[in-house]
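Observations on the three-dimensional arrangement
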Amino acid sequence: MATKIENSIGQLGNMDQIRELMFGPQIRKFEEELSKLQENMNVVAKELSQKVILLEKKLTAEHASNVQLLEQKIKTVSNALQDESIELKEQLVRQERKANNALDDVQKVFESQVDAMKRENIQNKEELHNELKEIETSIIKLLKEQVENLEGAKVSKDNLSSMFFDLAMKVKDTTIAENFDMMIEESIPKEEEKSK
């Protein structure tokens, strides 16, 4: 049994020698090529790693630049919107001031017109009051004259009532001043006729 194992081991040793003789140069050549491939792969992997690092740096720089540009654009747009908002607010304030000024002007004009109307009303009242005083004075004067004329001559009740009726009709149809003028004109000839 021991001899069989030794023979097997011897055969295995022979097999290694045979293998070495047959495939040794090819195996070494493959190992050399494999070693070169490994080195080339390491070089390529190193180059790729460096390229990836450079690409990452480049992309990071571009990203940072883009972010910065975007932030600047956002800031510019924000500032522009803020400026526009401020301008709109100022325009609204100006429009409100204009509207208030216009309303103030209208109110002043209205108040001045009301004041003018009040003054005109007061003036008209004074003029009417003066006119009424003048009319009252004229009536009193006319009545005094009529009374004086009546004292000198007897007048019947019919004539007296007719005279007052004529006076009332004339006052009704025309202005008081015109009535008094007409009454004075008409009463003078009648009195002259009566005295005759």
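Keep in mind that what you see is a predicted model, and the values were worked out from it rather than measured. (Residues numbered from 1 in each chain as written. Predicted model: local features only at pLDDT ≥ 70, side-chain atom pairs only at ≥ 80, totals over all residues. Heavy atoms only, no water.)

All right, on to the overall build of the chain then. A tally of regular secondary structure across the chain gives three helices and zero strands. In the chain, the order of α-helices and β-strands from amino to carboxyl end is α-α-α. Relative to its full complement of 196 residues, the chain shows a buried share of 6%. Counting only carbon and sulfur atoms, one obtains 59% of the accessible surface of the chain, whose full area is about 17500 Å². (Helix = DSSP H or I, 4+ residues; strand = E, 2+ residues; numbered from the N terminus. Buried < 20%, exposed > 50% of the residue type's maximum accessible area, 1.4 Å probe, protein only. Areas by Shrake-Rupley, 256 points an atom, 1.4 Å probe, with all protein chains shown as cover.)

Looking now at a negative patch on the surface. Side chains of Glu126, Glu127, Glu131 and Glu134 sit close together on the surface and give a patch of like negative charge. Assignment of secondary structure puts glutamate 127 in helix H1 (residues 2-152). (Patch = residues over 30% accessible without salt bridge, like charges linked within 9 Å, V, L, I, M, F, W, Y side chains within 5 Å. Salt bridge = Lys/Arg side-chain N within 4 Å of Asp/Glu carboxyl O. Lys, Arg positive; Asp, Glu negative; His and termini not counted. Charge placed at Lys NZ, Arg CZ, Asp CG, Glu CD.)

Turning our attention to the pattern of salt bridges. Enumeration over the complete set of coordinates arrives at one salt bridge. Residue glutamate 87 pairs with arginine 94 through a salt bridge whose shortest N-O separation is 3.3 Å. Overall, the relative accessible area of 39% leaves arginine 94 in the partly exposed class.

Okay, the confidence of the model for the chain next. A low pLDDT means the predicted coordinates there should not be read in detail. This prediction gives the chain a mean pLDDT of 78; 73% of its residues lie at or above 70. Low pLDDT (under 50) marks residues 189-196, which in the prediction has five contacts with non-local residues, meaning those over four places away or in another chain. (pLDDT = per-residue confidence, 0-100. Contact = heavy atoms within 4.5 Å.)

Together, Met15, Ile18, Leu21, Met22, Phe23 and Ile27 give the surface a local cluster of nonpolar side chains, amounting to about 600 Å² of exposed area. Isoleucine 27 gets classed as partly exposed once you look at its relative accessible area, which sits at 37%.

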